[in-house]
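Each chain is listed here by its residues.
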Amino acid sequence: MKLVRKDLEKDNAGQVTLIPEEPEDMWHTYNLLQVGDSLRASTIRKVQTESSTGSVGSNRIRTTLTLCVETIDFDSQACQLRVKGTNIQENEYVKMGAYHTIELEPNRQFTLAKKQWDSVVLERIEQACDPAWSADVAAVVMQEGLAHVCLVTPSMTLTRAKVEVNIPRKRKGNCSQHDRALERFYEQVMQAIQRHINFEVVKCVLVASPGFVREQFCDYMFQQAVKTDNKLLLENRSKFLQVHSSSGHKYALKEALCDPTVTSRLSDTKAAGEVKALDDFYKMLQHEPDRAFYGLKHVEKANEAMAIDTLLISDELFRHQDVATRARYVKLVDSVRENMGTVRIFSSLHVSGEQLGQLTGVAAILRFPVAELSDQEDESSSEED
């Protein structure tokens, strides 16, 4: 993402002009947009024209519109973003108050105006415009006959290819059909890796599987690379890291990212940091439940006691339509930071973010034990009786 201009007032109202440069920038833009914001961008409008003879025709005209945002639709796989709203600025082709849908495109600038730019939104702009935040991890999660080739970016896990090949069982005395099908499967996975992984950006390619599938696949791939003198694979051989996973399904990627060899290799990536934080929370919940809270009410209570060491919160909560609810989450984040706590904002499109979403989307690891909120409620209710 490229920041063109930033005009903010003292009361944090104002506008920002940005140019999305990569598909992931669309995800950042989706998180910046809220209902009620003002969006100015170039778009195509179908306009009816009437000639001097009275015949009516229609032309597609590119024009710049300013909309008051009403609905936001994001396609995570295609990384496409459509924004629908009403026109709020004079335009020769579109009446005031008329509905229009703008499809935001890469490399085409837009201006977003808000009545209030909060700390979470401003932080996301900083992250999006920082070139270090890019898809530096790729993963191949596989089992016999099934493989997922994924890109693990700081904000989401993108499935770039799914390879499925029917592998016949080994028959007594005849394994040729099984071996041929397996070779065909490995060949397709190898092609998908070359097609979808940019080795100039990617620091590490995880190859995860149950059993010996990953070893057999890597042996096959590099034998083929030597045979065909495939410089791309041979030069990047050191980037491939084999780890265990329970299956070839996408959800098994979390196990691969939890592996100690992976976390040491990816210690500087946000994705590994999120997985580790969630793992630490689960361990704390198991061994010291008084130091692991989840749910907004419980976490706010812990924050009042200045007990939060690490706050885990899903970015989905900041897309809440209710302004007061959203402000409550922003206030929690700001307060934890003021109290010298660490805040980790999880992406709802990451495997770890999906898991946090099942725990209400907000959780905290505490510095010291705090009595359970439920216990306090029980005490207060017994006193009333």
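Residues numbered from 1 in each chain as written. Predicted model: local features only at pLDDT ≥ 70, side-chain atom pairs only at ≥ 80, totals over all residues. Heavy atoms only, no water.

Looking at an unreviewed UniProt entry, the protein carries the name Protein pelota homolog, with the source organism given as Toxostoma redivivum. Entered under Cofactor (unreviewed entry) in the UniProt record, the comment concerning the protein runs "a divalent metal cation". In the Function (unreviewed entry) part of its UniProt record, the protein is described as follows: "Component of the Pelota-HBS1L complex, a complex that recognizes stalled ribosomes and triggers the No-Go Decay (NGD) pathway. In the Pelota-HBS1L complex, pelo recognizes ribosomes stalled at the 3' end of an mRNA and engages stalled ribosomes by destabilizing mRNA in the mRNA channel." (UniProt positions renumbered as here; feature names shortened; annotations may be inferred.)

Novice: Before we go on, may I ask you to explain helix α1 (residues 23-32) in this structure?
Specialist: Side chains three or four residues apart in an α-helix point the same way, a direct result of the helix having 3.6 residues per turn. Across the 10 residues that make up α1, a large majority, 9, are buried. Within the sequence span of α1, burial applies to Glu24, Asp25, Met26, Trp27, His28, Thr29, Tyr30, Asn31 and Leu32. (Buried < 20%, exposed > 50% of the residue type's maximum accessible area, 1.4 Å probe, protein only. Helix = DSSP H or I, 4+ residues; strand = E, 2+ residues; numbered from the N terminus.)

Novice: What is the right way to look at the UniProt feature "domain: eRF1/Pelota-like N-terminal" (unreviewed entry) in the protein in this model?
Specialist: The positions that UniProt labels "domain: eRF1/Pelota-like N-terminal" (unreviewed entry) are, in the present scheme, residues 1-130. This span, residues 1-130, is 15% helix and 50% strand, and a straight line between its end C-alpha atoms measures 8 Å.

Novice: How do you make sense of the nonpolar core when you look at a structure like this?
Specialist: Most often, soluble globular proteins have nonpolar side chains that are buried together. Ranked by internal contacts, the top residues of the largest apolar core, which has 62 residues, are Leu104, Met142, Phe185, Ile193 and Phe217. Among the elements that make up this core, the one with the highest residue count is helix α3 (residues 176-196) (8 residues). Two domains each put at least three residues into this core: domain 1 (2-129) and domain 2 (136-268). Discounting chain neighbours no more than four positions away, the residues touching Ile193 are Val140, Phe199, Phe217, Met221, Leu233 and Phe240. (Core = buried A, V, L, I, M, F, W, Y, C linked by side-chain atoms within 4.5 Å. Domains from an automatic or database assignment. Contact = heavy atoms within 4.5 Å.)

Novice: Looking at this model, I keep getting lost on the packing of aromatic side chains. Mind explaining?
Specialist: For any two aromatic rings, the description comes down to two numbers: the centre-to-centre distance and the angle of the planes. With the rule as written, the count across this model stands at 10 aromatic pairs. Here Phe185 and Tyr186 contribute two aromatic rings whose centre-to-centre distance is 5.8 Å and whose plane-to-plane angle is 40°, an arrangement assigned as tilted. For Tyr186, a relative accessible area of 5% translates into the label buried. Taken together, the ring pairs connect Phe185, Tyr186, Phe217 and Tyr220 into an aromatic cluster. Over the ring of Tyr99 we find Lys84; its NZ or CZ atom is 5.3 Å from the centre of that ring. When the ring centre of Trp117 is taken as reference, the NZ or CZ atom of Lys114 above it lies at 5.6 Å. (Phe/Tyr/Trp six-rings, centres within 6.5 Å; stacked < 30°, edge-to-face > 60°. Lys NZ or Arg CZ within 6 Å of the ring centre and 35° of its normal.)

Novice: When you look at the confidence of the model for the protein in this model, what are you seeing that I'm missing?
Specialist: Low pLDDT means the predicted coordinates in that region are not meant to be read closely. For the protein, per-residue confidence averages 87 on the pLDDT scale, and residues scoring 70 or more make up 92% of the total. Under a pLDDT of 50 for its full length, residues 377-385 has, in the predicted model, 1 contact with residues more than four places off or in other chains. (pLDDT = per-residue confidence, 0-100.)

Novice: What am I meant to see in the domain arrangement of the protein here?
Specialist: Where interface size is given, it is often the accessible area lost as the parts come together that is meant. Structurally, the protein comprises domain 1 (2-129), domain 2 (136-268) and domain 3 (271-377). Once you take the C-alpha centre of each, domain 2 and domain 3 turn out to be 34 Å apart. Listed by partner, the interface residues are 12 residues for domain 2 and 11 residues for domain 3. Carbon and sulfur atoms supply 69% of the area buried between domain 2 and domain 3, which totals about 1,000 Å² over both sides. Counting across the domain 2 and domain 3 interface gives 0 salt bridges. Viewed at the interface, domain 3 and domain 2 are joined by 2 residue pairs in polar contact (both at pLDDT 80 or more). Counting residues per element, the side of domain 2 that touches domain 3 draws most heavily on helix α6 (residues 253-258), at 3 residues. Among the residues making up the side of domain 2 that touches domain 3, the classes are represented as 7 nonpolar, 3 polar and 2 charged. (Buried area = accessible area lost by both parts, 1.4 Å probe. Salt bridge = Lys/Arg side-chain N within 4 Å of Asp/Glu carboxyl O. Polar contact = N/O pair within 3.5 Å; in protein donor to acceptor, adjacent residues only side chain to side chain. Nonpolar A, V, L, I, M, F, W, Y, C, P; charged D, E, K, R; others polar.)

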